[in-house]
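Remarks on the overall topology
Below are the chains, spelled out letter by letter.
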Amino acid sequence: MIDRTDIGHRVQDAHGRTGILRDIDPTWEDPSDPPYARSQRPVAFISPEHGGREWHADPTTVTRA
């Protein structure tokens, strides 16, 4: 599992994708959820090393690469 001290380092998610950890939000709410179904959960934001679209993952499933 990763934490805020890993921001800026190379990480790997549960699907085997690697990238750079950009941030961890412990109380993230998915804006695409309907307002009545929103809940807070921790999320790690990861960017591909050589550019591309950022993705998010459960920080408990992300490890330092």
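Preceding this paragraph is the structure being described.
Counting restarts for each chain, with residues numbered from 1 along the sequence as it is written. Totals for whole chains, interfaces and linings use every residue, but because this is a predicted model, local features are given only for residues with pLDDT of at least 70 and side-chain atom pairs only at 80 or more, for both listing and counting. Working from all heavy atoms in the structure, the side-chain values ignore hydrogens and water.

1. With respect to the overall build of the protein
Note the cut-off: Strands are runs of DSSP state E lasting at least two residues, helices are runs of H or I lasting at least four, and both sets are numbered from the N terminus onward. Buried, partly exposed and exposed residues are distinguished by accessible area as a fraction of the type maximum, computed with a 1.4 Å probe on protein chains only: under 20%, between the cut-offs, and over 50%, respectively. Note on areas: Shrake-Rupley, 1.4 Å probe, and residue coverage restricted to the protein chains presented here.
The helix and strand inventory of the protein stands at zero helices and five strands. Mapped in sequence order, the helices and strands of the protein form the string β-β-β-β-β. Within the protein, the proportion of its 65 residues that are buried is 31%. Accessible surface computed for the protein: about 4,300 Å², of which carbon and sulfur atoms make up 48%.

2. Some words on the nonpolar core
Quick reminder of the rule: Note on terminology: a nonpolar core comprises buried Ala, Val, Leu, Ile, Met, Phe, Trp, Tyr and Cys residues joined through side-chain atoms within 4.5 Å. Here, two residues are considered to be in contact whenever any of their heavy atoms come within 4.5 Å of each other.
I2, V11, L21, I24, A44, I46, W55, A57 and V62 together form the largest nonpolar core, which totals nine residues. When residues of this core are traced back to their parent elements, those giving at least two are β2 (18-28), β3 (41-47) and β4 (55-57). Ignoring sequence-local partners within four residues, the contact set of I2 consists of V11, L21, I24, A44, P59, V62, T63 and R64.

3. Points about the environment of R4
Topologically, R4 is positioned in the segment before β1 (10-12). Along the backbone, R4 and D25 are 21 residues apart, and their C-alpha atoms lie at a distance of 9.2 Å.

4. Some points on the sheet that holds strand β5 (residues 63-64)
Which entries qualify depends on this criterion: The pairing criterion is simple: DSSP has to find at least two bridges between the two strands.
Across the sheet, which stays open at both edges, the five strands sit in the order β4-β3-β2-β1-β5 with antiparallel pairing between neighbours. A single partner strand is all that each edge strand has here, and the edge strands are β4 and β5. Bridge count between β1 and β2: three bridges; the pairing is antiparallel. Residue pairing for β2: R10 is matched across the bridge by I20.

5. Observations regarding the pattern of salt bridges
Put simply, the rule is: For this document, the term salt bridge refers to a Lys or Arg side-chain nitrogen within 4 Å of an Asp or Glu carboxyl oxygen.
On inspection of all chains with the given rule, the structure shows six salt bridges. E49 is the partner of R10 in a salt bridge, and the nearest nitrogen-oxygen pair spans 2.9 Å. A residue pair is termed long-range when its members are at least 10 positions apart, and R10 in strand β1 and E49 in the loop between β3 and β4 qualify at 39 residues. Here D30 and R41 are joined by a salt bridge, their closest N and O atoms 3.7 Å apart. Of this pair, D30 sits in the loop between β2 and β3 while R41 sits in strand β3, placing them eleven residues apart in sequence.

6. Description of the packing of aromatic side chains
Inclusion rule: Pairing of aromatic side chains here covers Phe, Tyr and the six-membered ring of Trp, requires ring centres within 6.5 Å, and sorts the geometry by plane angle: under 30 degrees stacked, over 60 edge-to-face, intermediate tilted.
A complete count under the given rule lists one aromatic pair for this structure. Ring plane angle 80° and centroid distance 6.2 Å describe the contact between W28 and F45, whose orientation is recorded as edge-to-face. Of the two residues, W28 is situated in strand β2 and F45 in strand β3; the sequence distance between them amounts to 17 residues. Taking the relative accessible area as the measure of exposure, W28 reaches 13% and is therefore buried. Residue classification places F45 among the buried residues on the basis of a relative accessible area of 19%.

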